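# Architecture at a glance
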Amino acid sequence: MPYIFWLNFSCHESAKNLCHFRYHMQSYCCLFSFSFFIEVVMAKVNEAAAMEIDDPNSNISDQISTKFSINVLQLLKSAQMQHGLRHGDYTRYRRYCTARLRRLYKSLKFTHGRGKYTRKAISESTVTEVRFLHVVLYMAERAWSHAMEKRQLPDGPNARQRIYLIGRLRKAVKWADLFSHLCSVKGDSRTSLEAEAYASYMKGNLLFEQDRNWDTALRNFKSARSVYEELGKYGDVENQVLCRERVEELEPSIRYCLHKIGGSNLQASELLQIGEMEGPASDLFKSKLEAVMAEARSQQAESLTEFHWLGNRFPITNAKTRVAILKAQELEKDLHGPSADSLSAEKRLVTFDKVFTAYHEARSCIRSDLASAGSAENVKDDLNGLDKAVSAVLGQRTIERNQLLVSIAKSKLTRRRDDKNEKVTKPEELVRLYDLLLQNTADLSDLVSSGRDRKPEEVTFAEECELKSLAFRAERCFYLARSYSLAGKRSEAYTLYCRARSLAENALQKFQAHSKTDQLVPLYYLQVMIKELKTLYNECRSYSCVEHATGIIEEVKAPENLSKKISTISLTGADKKVEKYLLEKLDLYEPAISESNVKAVPRIEPFPPAFQSVPRNPIVLDLAYNAIDFPSIENRMKKDKKGFISRLWG
């Protein structure tokens, strides 16, 4: 059986390989006697060699290879937002990068050995398709996300973890440089430019974390910013938006580098303002800024030796307590300062959470000092007073936060459901919030009144807590009445509206009397409360009139409505599916025709009635006959008499 060989030679086959091939093919020709086949192949080889000699520019087409294109910023932004960095979860993003690299290695068949691990290097000759560039990019992203994960530890990285963090950033810079080099050779011009900006950004992050070479870090950040500014002028709208966002994210780091070099006289408040930027590119800056602010607070806290509250002065001896209280007071300036009105409700809630964290940290430090105070009574008294003061301020901020939640809920109470697809607030939610406010006010009043020797300031403060409690009770009663009104219970709603009006009137009189005397509460706050109570009083009066009129109308129309509903009752329920008929619910007290929220028309009994089983006479079956073994009765049977001949043949 003849053997067929298919040989393919490229046009740039060297002469040495050609001679080597001729020698082996002649030997194969002798062995298999395929002379005609060999002659044809040799003719093709000679023709290819002649073409190679005649055409000196034949290598130009091989040197021109296809250029790969990657939208680096869009690829990274999509991966980061979909896998954790929308919420700052760097652990999840690092795991995604690891899984992505595993899939890329497997699809490219670029594994590093099955038994012994042997890393394969990626060079220019290795990059034969765009996924090799993705491998290098995700290696850099994995190292960077691992470093940022260490940066976001609860207590901050210690010395050993910081060394590891810087090592991971160096690894990210190494992979980013390799990615930039490969893109400059294998990628198009835009991909090469984006890769260069990415490498500059990684170098700036490394120097930023190392706290040195601020001029070099500034140069890298500015280089990345200039690239993204130019790229933001071209492409589609999505690409332009991404480039502008990255430029805005790089701006705080550039300004901070200028501040460290000395080219910008930024204050601490300005640093906090530029640190409010959101995005993965600004997270490293935020951590650095937090460290700087902590150092500034520790220096400033040396002058904070006392804590003032209701005319009392409590000494602060612990440095950690000073720093925590100073941090809380700085955050309170944002809530009660001149710029508080410009803050959105969401940012104010975040600031309240930070204030709570700072005060809880101060309380934990105070109580640890109490545990180690021993038998020193003076020290214990000072620490107990400081703990009481900090707890009281914390209670005040809790009331303010819950009042902010009430204002947010009130703004959504009358809003339509289709406004920004937000859920409409129910009156029951406001009732729950006012329950919390009443509990907070009672706890704060008990805390202030718990001392032995009460000062006049503390007595006045407790009275003001009682006044706030009256206002909160009136508000709670009003929204409880609204919930009953929505449920169709007119008599209960009318009674609650009248009760809320009386509570609002009582609280309004006491607030007006309190505003004429000396008080610790600011006059502006009293004016706001008086205005709200007047509005509440008028609303209670109008709503009670509406409920009264609505209740009378419903009572007048009740017989007519009842007759209409009774007329809709039918005997059968065959046309519609009924869960339970009226005759089946005789033992339950459930109105079927007076409820307005009943969807189905009540039915009495299904007709025609369903089939029922009727008893009949039993069928007698002899089941024991086949199981009885009867005795033989052959001896009792009559035998036939046989003759002589029949006996012989029988």
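Residues numbered from 1 in each chain as written. Predicted model: local features only at pLDDT ≥ 70, side-chain atom pairs only at ≥ 80, totals over all residues. Heavy atoms only, no water.

Bringing the overall build of the protein into the picture now. Along the protein, the regular secondary structure elements total 21 helices and 2 strands. Taking all 650 residues of the protein together, 36% fall into the buried category. Considering only contacts in the protein between residues 6 or more positions apart, those separated by 24 or more positions represent 67%. Working note: accessible area of the protein is about 41,400 Å², and carbon and sulfur atoms make up 53% of it. (Helix = DSSP H or I, 4+ residues; strand = E, 2+ residues; numbered from the N terminus. Buried < 20%, exposed > 50% of the residue type's maximum accessible area, 1.4 Å probe, protein only. Contact = heavy atoms within 4.5 Å. Areas by Shrake-Rupley, 256 points an atom, 1.4 Å probe, with all protein chains shown as cover.)

Next up on the list: the packing of aromatic side chains. Applying the stated rule across the entire model yields 19 aromatic pairs. Judged by centre distance (5.7 Å) and plane angle (55 degrees), the ring pair of Phe-478 and Tyr-497 falls under tilted. Here Phe-478, found in helix H17 (residues 456-486), pairs with Tyr-497, found in helix H18 (residues 490-515); they are 19 residues apart in sequence, far enough to count as distant. Across this residue pair, the class does not change: Phe-478 and Tyr-497 are buried. Taken together, the ring pairs in this structure connect Tyr-434, Phe-472, Phe-478, Tyr-479, Tyr-497 and Tyr-543 into an aromatic cluster. (Phe/Tyr/Trp six-rings, centres within 6.5 Å; stacked < 30°, edge-to-face > 60°.)

The interhelical angle for the contact between helix H15 (residues 377-413) and helix H16 (residues 427-448), taken along N-to-C directions, is 165 degrees, at an axis separation of 10 Å. In terms of orientation, H15 lies roughly antiparallel with respect to H16. For the element pair H15 and H16, the recorded crossing hand is left-handed. Residues that form the contact of H15 with H16 fall into these classes: 15 nonpolar, 7 polar and 2 charged. (Axes fitted to C-alpha atoms, helices over the stretch in contact; angles between N-to-C directions. Parallel < 35°, antiparallel > 145°, perpendicular 65-115°, else oblique. Left-handed = near helix turned anticlockwise from the far one by under 90°. Nonpolar A, V, L, I, M, F, W, Y, C, P; charged D, E, K, R; others polar.)

The next subject is the pairing of strand S1 (residues 306-309). With burial as the criterion, only one face of S1 is covered, namely that bearing Phe-307 and Trp-309; the residues Glu-306 and His-308 on the opposite face remain uncovered. With 4 bridges joining them, S1 and strand S2 (residues 312-315) adopt antiparallel strand pairing. Counted as the bridge partner of Glu-306 is Pro-315 from S2. Hairpin connection between S1 and S2: a loop of 2 residues separates the two successive antiparallel strands, and Leu-310 in this loop has a positive phi of roughly 55 degrees. (Pairing = 2+ DSSP bridges.)

Turning next to the nonpolar core. If you look at the biggest cluster of nonpolar residues, it comprises 67 residues, and the most contacted ones within it are Phe-307, Trp-309 and Phe-511. Among the elements of the structure, S1, helix H13 (319-336), helix H14 (345-371), H15, H16, H17, H18 and helix H19 (523-556) are those that each provide at least two residues to this core. Listed in part, the 64 residues of the second largest apolar core include Phe-132, Leu-137, Leu-206 and Leu-242. (Core = buried A, V, L, I, M, F, W, Y, C linked by side-chain atoms within 4.5 Å.)

A word on helix H6 (residues 130-151). Taking 1.5 Å as the rise per residue, H6 with 22 residues should run 32 Å; its terminal C-alpha atoms sit 32 Å apart, in good agreement. Taking burial as the measure, the 22 residues of H6 include 18 buried ones, the bulk of the element. (Expected span 1.5 Å × (residues − 1).)

Right, let's talk about the pattern of salt bridges for a bit. On inspection of all chains with the given rule, the structure shows 19 salt bridges. One salt bridge connects Glu-149 with Arg-94, and the closest N-O pair in it is separated by 2.7 Å. Placement of Glu-149 in helix H6 and of Arg-94 in helix H5 (residues 90-108) is noted, with a sequence separation of 55 residues between them. Arg-94 shares its class with Glu-149; the two are buried. Between Glu-249 and Arg-246 there is a salt bridge, with its nearest N and O atoms 3.4 Å apart. Separated by 3 residues within a single helix, Glu-249 and Arg-246 lie in helix H10 (residues 237-261), roughly one turn from each other. The residues Glu-249 and Arg-246 share a single accessibility class, namely buried. Each member of the salt-bridge network shares a partner with another, and the members are Lys-77, Arg-246 and Glu-249. (Salt bridge = Lys/Arg side-chain N within 4 Å of Asp/Glu carboxyl O.)

If you check H5, its first and last C-alpha atoms are 27 Å apart, about what 19 residues at 1.5 Å a residue would give, namely 27 Å. Among the residues of H5, Tyr-90, Tyr-93, Arg-94, Tyr-96, Cys-97, Leu-101, Leu-104, Tyr-105 and Leu-108 are the ones counted as buried. Looking one or two residues past H5, Lys-109 carries a phi angle of roughly 55 degrees, positive in sign.

So, about the environment of Arg-397. Within the element layout of this structure, Arg-397 appears in helix H15. Sequence spacing of Arg-397 and Phe-356 is 41 residues, and the spatial spacing of their C-alpha atoms is 8.0 Å. The contact partners of Arg-397, leaving out residues within four places of it in the chain, are Glu-332, His-336, Phe-352, Val-355 and Phe-356. Separated by 3.1 Å, the side chains of Arg-397 and Glu-400 make a polar contact. (Polar contact = N/O pair within 3.5 Å; in protein donor to acceptor, adjacent residues only side chain to side chain.)

Here we take up the side chain of Glu-141. Tracing the backbone shows Glu-141 in helix H6. At 7.1 Å, Arg-246 is the nearest oppositely charged side chain to Glu-141, a buried residue that forms no salt bridge. Here the side chain of Glu-141 touches Gln-80 through a polar contact of 3.1 Å, side chain to side chain. Apart from the residues lying within four places of it in its own chain, the contact partners of Glu-141 are Leu-76, Gln-80, Tyr-93, Cys-97, Tyr-198 and Met-202. (Lys, Arg positive; Asp, Glu negative; His and termini not counted.)

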